[in-house]
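# Breakdown of the fold
Chain by chain, the residues run as shown.
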Amino acid sequence: MIVGIHQPNFLPWLGYFYKLTQCDVFVLLDNVQYSKNSFINRNRIKTPRGADWLTIPVITKGRFGQLIRDVEINGAVDWRKKHLGTLEANYRKAKCFEPIFSGLKATYFADDWNNLCELNITLLEWVLSIIGLEKTLVRASDLNVNGESTQLLINIVKNLGGNVYISGFGGANYQEEELFERSGIALKYYDFRHPVYLQLWNDFIPNLSIIDLLFNCGSESLGVLLDSKGEIQ
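Residues numbered from 1 in each chain as written. Predicted model: local features only at pLDDT ≥ 70, side-chain atom pairs only at ≥ 80, totals over all residues. Heavy atoms only, no water.

## Description of the nonpolar core
Counting residues in each nonpolar core, the largest one holds 77 residues, and the members touching the most others are Ile-5, Phe-17, Ile-131, Ile-156, Ile-211 and Phe-215. The dominant element in this core, judged by the number of residues it contributes, is helix H4 (residues 116-131), at 10 residues. (Core = buried A, V, L, I, M, F, W, Y, C linked by side-chain atoms within 4.5 Å. Buried < 20%, exposed > 50% of the residue type's maximum accessible area, 1.4 Å probe, protein only. Helix = DSSP H or I, 4+ residues; strand = E, 2+ residues; numbered from the N terminus.)

## Some words on the packing of aromatic side chains
This structure, assessed with the given rule, holds 12 aromatic pairs. Each member of the aromatic cluster is reached from another via a ring pair, and the members are Trp-13, Tyr-18, Tyr-190 and Phe-192. A cation sits over an aromatic face here: Arg-42 above Trp-53, 3.8 Å from the ring centre. (Phe/Tyr/Trp six-rings, centres within 6.5 Å; stacked < 30°, edge-to-face > 60°. Lys NZ or Arg CZ within 6 Å of the ring centre and 35° of its normal.)

## Some details on the state of the cysteines
A full pass over the atoms with the stated rule returns 0 disulfides. With no disulfide of its own, Cys-217 has Cys-96 as its nearest cysteine by sulfur position, at a separation of 6.8 Å. Residue classification places Cys-217 among the buried residues on the basis of a relative accessible area of 9%. (Disulfide = S-S within 2.5 Å.)

## Digging into the packing of H4 against helix H7 (residues 210-217)
The interhelical angle for the contact between H4 and H7, taken along N-to-C directions, is 30°, at an axis separation of 12 Å. As judged from the angle between their axes, H4 and H7 are roughly parallel. Where H4 crosses over H7, the handedness of that crossing is left-handed. Contact with H4, carried on its side by Trp-126, Val-127, Ile-130 and Ile-131, involves Ile-210, Ile-211 and Leu-214 of H7 and no other residues of that element. Counted by class, the contact of H4 with H7 contains 7 nonpolar, no polar and no charged residues. (Axes fitted to C-alpha atoms, helices over the stretch in contact; angles between N-to-C directions. Parallel < 35°, antiparallel > 145°, perpendicular 65-115°, else oblique. Left-handed = near helix turned anticlockwise from the far one by under 90°. Contact = heavy atoms within 4.5 Å. Nonpolar A, V, L, I, M, F, W, Y, C, P; charged D, E, K, R; others polar.)

## Remarks on the pattern of salt bridges
Counted according to the given criterion, the structure contains 4 salt bridges. Glu-72 is paired through a salt bridge with Arg-63; the nearest N and O atoms lie 2.8 Å apart. The partly exposed category is assigned to Arg-63, whose relative accessible area is 27%. The partner of Arg-139 in a salt bridge is Glu-118, and the shortest N-O contact between them spans 2.6 Å. (Salt bridge = Lys/Arg side-chain N within 4 Å of Asp/Glu carboxyl O.)

Written out as structure tokens, the structure is:
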């Protein structure tokens, strides 16, 4: 069984979802330290001026070291109205704008969303439903697994009965590969080659939030993802 592990990011980029297509079980690493101003609470969209950030305001003052699962959204800021206004201004001419915008708006207002992790996971499930990708999602905090760094990843894979851990090539910079070998777990790297699709606003910009792909390609988005011609090594 192939296991993938990643933090529950906010409307992640295409490579995140390509990783999902390559594994049997995907673990949302919600019990590690939150990194301020990371892709956990923001991502990029496309505008006529180029790429720009879509950010969820969170409470960090006095909470250094808090876990991802504990991060609170700053409810004093009307982030939902701002997000939806920004997206409508920049994507209303996109081919699949109406159904995607309607679904995102409904998800945004389905709850008060005090917890960032809960919102991110709900949005992740919404995207999977749009592109038609069925995957088993597991929260690391539900597994009662301990450890740090590479050993934590190994312990999670073992807990789930997996025999293969799939990682992006960036993981080679910090993972202790020999620990996987000694644990009897095969470490595989996936090579994601970003596909090019029709976008609004001039030249193509890669590495944006999945929302850009959804607005432009809708239900065809999974086919675009799989057209990346990535390889597992």
